[in-house]
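Read off the chains here:
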Amino acid sequence: RWLRWTLAVSTAVAIALRFTGHGFGRGVLTPRADEELLRSGVLISLGGDLNPHYAVWGHIFHYVYAGVAAVWMAFQVWAGQARSWTHGLAAAHCEPENLIWIGRAISASAGVLTLVATYQLARRSLGSRLVAACACVLLSTLFLHVRDSHFATSDVLLALFCTSALAAMTSGGCPRVGWAGLWTG
């Protein structure tokens, strides 16, 4: 019971820390250059060119970001907030705040989900729920992970997928290599 309570509190702390800092850099043109480049790539993809045109980062974050942004823009057109897809895309270029929040919410969500993968990895590899809960407590307040969860970058999603792959490798059974390959693309 104490371990469940610890996991619930560390998850609540992780959610609070990762979702409260999303307004950072508001009013600044580019608070983080890689976030701006990823957002620009997503806008290009929403315009019809699905090639991200960069090779520095992995593309899975780009496509997840573009997919969620496309759903958001389709909802805006359906709700009448934008006259057409082109109008919504032009609005996103001029007022990118909603698009920035979408990307940052994806990163924050991936940051919280990394706690689950960390718990599974620690529990399976060390066989101790106490150690797994302690790992989650540490990750919930880890500065670098919390800070990067505030920005729409590929770092936190990459951490989630790599930790999930390692957790899959520590599980028993033959399909573990397949799951690890799925997580890492």
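Reading the values: the criteria
- Residues numbered from 1 in each chain as written.
- Predicted model: local features only at pLDDT ≥ 70, side-chain atom pairs only at ≥ 80, totals over all residues.
- Heavy atoms only, no water.
- Helix = DSSP H or I, 4+ residues; strand = E, 2+ residues; numbered from the N terminus.
- Buried < 20%, exposed > 50% of the residue type's maximum accessible area, 1.4 Å probe, protein only.
- Contact = heavy atoms within 4.5 Å.
- Lys, Arg positive; Asp, Glu negative; His and termini not counted.
- Charge placed at Lys NZ, Arg CZ, Asp CG, Glu CD.
- Expected span 1.5 Å × (residues − 1).
- Patch = residues over 30% accessible without salt bridge, like charges linked within 9 Å, V, L, I, M, F, W, Y side chains within 5 Å.
- Areas by Shrake-Rupley, 256 points an atom, 1.4 Å probe, with all protein chains shown as cover.
- Salt bridge = Lys/Arg side-chain N within 4 Å of Asp/Glu carboxyl O.
- Arc of directions from axis to C-beta.
- Core = buried A, V, L, I, M, F, W, Y, C linked by side-chain atoms within 4.5 Å.

*Asks:* Could you give an account of the overall build of the protein, naming the residues involved and the relevant values?
*Replies:* Summing up its helical and strand segments, the protein has 9 helices and 0 strands in all. Going from the N terminus to the C terminus, the protein shows its helices and strands as α-α-α-α-α-α-α-α-α. Sorting the 185 residues of the protein into buried and exposed places 40% on the buried side. Expressed as a percentage of contacts within the protein between residues at least 6 apart in sequence, the contacts between residues at least 24 apart total 69%. Side-chain charges in the protein split into 13 positive and 8 negative, and the spacing between the mean points of these groups amounts to 18 Å.

*Asks:* Break down helix H5 (residues 97-126) for me, with residues and values.
*Replies:* Taking 1.5 Å per residue, 30 residues should reach 44 Å; H5 reaches 43 Å between its end C-alpha atoms and fits that length. Phi turns positive, to about 70 degrees, at glycine 127, one or two residues after H5.

*Asks:* Tell me about a nonpolar patch on the surface, residues and numbers included.
*Replies:* A cluster of nonpolar side chains, Trp5, Val9, Val13 and Leu17, forms an exposed patch at the surface whose accessible area comes to about 350 Å². As for its position among the elements, valine 13 is in helix H1 (residues 2-19). Judged by relative accessible area, valine 13 falls into the partly exposed class, the value being 30%.

*Asks:* Describe helix H4 (residues 85-94), naming the residues involved and giving the relevant values.
*Replies:* When we look at burial in H4, the residues that qualify are Gly88, Leu89 and Ala92. Take H4 and look down its axis: the buried residues cluster within an arc of 100 degrees, on one side only. Facing away from the buried surface of H4 by more than 90 degrees, the exposed residues are Thr86 and Cys94. On its buried face, H4 is in contact with helix H2 (33-46) and helix H3 (60-79).

*Asks:* An account of a positive patch on the surface is requested, with residue identities and associated values reported.
*Replies:* A surface patch of like charges, here positive, comprises Arg1, Arg4, Arg123 and Arg129. Positionally, arginine 129 belongs in helix H6 (residues 129-140).

*Asks:* Please give an account of the environment of histidine 59 that cites residues and values.
*Replies:* Tracing the backbone through its elements, the reader meets histidine 59 in the loop between H2 and H3. Separated by 47 residues in the primary sequence, histidine 59 and alanine 12 place their C-alpha atoms 29 Å from one another.

*Asks:* Pulling in residues and values, what's your account of the pattern of salt bridges?
*Replies:* Any two side chains of opposite charge can pair, so long as their charged atoms come close to each other. On inspection of all chains with the given rule, the structure shows 3 salt bridges. Glutamate 36 is paired through a salt bridge with arginine 39; the nearest N and O atoms lie 2.6 Å apart. Residue glutamate 36 and its partner arginine 39 are located together in helix H2, separated by 3 residues, close to a single helical turn. A residue is classified by how much of its surface remains accessible, and glutamate 36, at 22% relative accessible area, is partly exposed. On the basis of relative accessible area, arginine 39 is assigned to the buried category, the value being 8%.

*Asks:* Describe the nonpolar core, naming the residues involved and giving the relevant values.
*Replies:* Core analysis: the biggest nonpolar cluster contains 23 residues, and Val42, Leu46, Phe61, Tyr65, Leu157 and Leu160 have the highest contact counts within it. Secondary-structure elements contributing two or more residues to this core are H2, H3, H4, H5 and helix H8 (155-170). Residues in contact with tyrosine 65, not counting those within four places in the same chain, are Arg39, Val42, Leu99, Ile100, Ile102, Gly103, Ile106 and Ala152. Core analysis: the next-biggest nonpolar cluster, separate from the first, contains 7 residues, Leu115, Tyr119, Ala122 and Leu139 among them.

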